[in-house]
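Notes for the structure review
Spelled out, the chains give:
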Amino acid sequence: MAPPKKYPDELRSRAVRLYRESDPKPVIRRLAEQLGVHPEALRNWIRQDEADRSERDDRPTATESEELRRLRKENAELKRANEILKTASAFFAAELDPARRRS
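Residues numbered from 1 in each chain as written. Predicted model: local features only at pLDDT ≥ 70, side-chain atom pairs only at ≥ 80, totals over all residues. Heavy atoms only, no water.

Named according to an unreviewed UniProt entry, the protein is Transposase originating from Saccharothrix xinjiangensis.

Okay, structure coming up:
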């Protein structure tokens, strides 16, 4: 389970919208102080918004990140299932092998 978010989504979207709609662009540190958020948090929100709008290509979009997270989880589940099947296969192979039967 993911940890709770420190800042509500509404604050995040409002902060990014304020930054995007301002002309000239405000200093992130000053805007963060006015909103009561950490400057690096605001900077990351802005970068993510830019990635989601295809304005930068140095980080994945929110959709890509979610898909990657889902695929990693699915991959881990498949690896666990594969290990269980390998163990079961070895067990049944030992049961069926007449040379290894115990009386």
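That was the structure; now back to the text.
Locating Leu11 in the fold gives a position in helix α1 (residues 9-21). Overall, the relative accessible area of 14% leaves Leu11 in the buried class. The spacing of Leu11 and Glu77 is 66 residues in sequence and 35 Å in space, taken between C-alpha atoms. (Helix = DSSP H or I, 4+ residues; strand = E, 2+ residues; numbered from the N terminus. Buried < 20%, exposed > 50% of the residue type's maximum accessible area, 1.4 Å probe, protein only.)

Turning our eyes to something else, we now look at the layout of surface pockets. Taken as a whole, the largest pocket spans an internal volume of roughly 260 Å³. As for the largest pocket, its lining consists of Lys5, Asp9, Arg12, Ser13, Val16, Asn44, Trp45, Gln48, Asp49 and Asp52. Of all the secondary structure elements, the ones that give two or more residues to the lining of the largest pocket are α1 and α3 (39-52). Sort the elements by how many residues they give to the lining of the largest pocket and α3 lands first, with five residues. Class assignment of the residues belonging to the lining of the largest pocket gives a composition of two nonpolar, three polar and five charged. (1 Å grid on protein atoms, 1.4 Å probe; cavity = no way out; pocket = protein on both sides within 12 Å on 5 of 7 lines; lining within 4 Å. Points joined across faces, edges and corners; volume = space filled by probe spheres on them. Nonpolar A, V, L, I, M, F, W, Y, C, P; charged D, E, K, R; others polar.)

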